[in-house]
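Here's the letter readout for the chains.
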Amino acid sequence: MQISLISAMSENRAIGLKGRLPWPHLPNDWANFFKVTKGCRMIMGRKSYDTPDRLASEVGNFVITRQEDYALEEGFTRAGSLEEALEACKNDKEVFVIGGAEIYRQALPLADIIHLTVVHGTFEGDAFFPAFSESEFKLKSRQDFPTDEQHAYAYSFLVYEKTNNQ
Ligand SMILES: NC(=O)c1ccc[n+]([C@@H]2O[C@H](COP(=O)([O-])OP(=O)(O)OC[C@H]3O[C@@H](n4cnc5c(N)ncnc54)[C@H](OP(=O)(O)O)[C@@H]3O)[C@@H](O)[C@H]2O)c1
């Protein structure tokens, strides 16, 4: 099983503010998210599940929570820890960890691939993508996009691969 993280962060690493994305909607980022994650199950923290901007997979989703009786909508399965969710996906070809900050922090040491959209601006945040070193993850590809009528900020799609996987 390949463990992939996917996130969008600002230049100051903000990923969320009060449960929302810090920047105005960037449709091409969401399109990229669904293209990259197509056909794979997703793992998310309970707080990300609870946000209005929640993203989810058509083929199955795990929500990590310590609350044993937490009621979830159809298509979502509770897991008591990241390890429990990963164990349930162990026969999948690839699984995506989709946030938020607490879950990214726990998943980063286990990640094989990181898909990171960098939104070129500085935004206030209360959730941040964890720092990682270029010696742990090597940049494999980068696509840059300018602002346009639908995208108020320039952004880049970066893909990192864990160095010891090469
Ligand atoms: N820009 C992006 O790509 C992106 C992606 C996703 C989310 N976000 C943003 O990130 C923010 C949310 O991130 P967050 O860090 O506050 O929360 P989070 O990581 O989504 O969820 C945290 C919750 O996960 C559960 N949890 C964490 N570790 C656990 C463990 N080891 N065992 C069992 N349960 C565990 C706990 O749920 P309980 O409290 O229920 O026990 C905890 O409160 C929001 O603003 C959201 O919009 C941004």
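Residues numbered from 1 in each chain as written. Predicted model: local features only at pLDDT ≥ 70, side-chain atom pairs only at ≥ 80, totals over all residues. Heavy atoms only, no water.

The name given to the chain in an unreviewed UniProt entry is Dihydrofolate reductase, with the source organism recorded as Runella rosea. The record held by UniProt for the chain lists under Sequence similarities (unreviewed entry) the comment "Belongs to the dihydrofolate reductase family." Its UniProt record, at the heading Pathway (unreviewed entry), says of the chain: "Cofactor biosynthesis; tetrahydrofolate biosynthesis; 5,6,7,8-tetrahydrofolate from 7,8-dihydrofolate: step 1/1." (UniProt positions renumbered as here; feature names shortened; annotations may be inferred.)

What follows covers the site of the ligand. Lining the immediate surroundings of the ligand are 28 residues, of which Ala8, Arg46, Ser48, Thr65 and Gln67 lie closest. Alanine 8 is positioned such that a nitrogen or oxygen atom in its backbone is 2.8 Å from a nitrogen atom of the ligand. Here an oxygen atom of the ligand sits 3.4 Å away from a polar atom, N or O, in the main chain of isoleucine 64. The fraction of the free accessible surface of the ligand (940 Å²) that becomes covered by protein chains is 86%. (Near = heavy atom within 4 Å. Polar contact = N/O pair within 3.5 Å; in protein donor to acceptor, adjacent residues only side chain to side chain. Areas by Shrake-Rupley, 256 points an atom, 1.4 Å probe, with all protein chains shown as cover.)

The step from glycine 99 to glycine 100 runs through a cis peptide bond, and the omega angle for that step is 0°. For glycine 100, the position within the fold is in the loop between strand S6 (94-97) and helix H4 (101-107). Positive phi values are uncommon outside glycine, yet arginine 13 reaches one of about 70°. Following the sequence through the fold, arginine 13 ends up in the loop between strand S1 (2-10) and strand S2 (14-16). What makes arginine 13 partly exposed here is its relative accessible area of 24%. Of note, the phi angle at lysine 18 is positive, near 50°, even though the residue is not glycine. By the secondary structure assignment, lysine 18 is in the loop between S2 and helix H1 (27-37). (Helix = DSSP H or I, 4+ residues; strand = E, 2+ residues; numbered from the N terminus. Buried < 20%, exposed > 50% of the residue type's maximum accessible area, 1.4 Å probe, protein only.)

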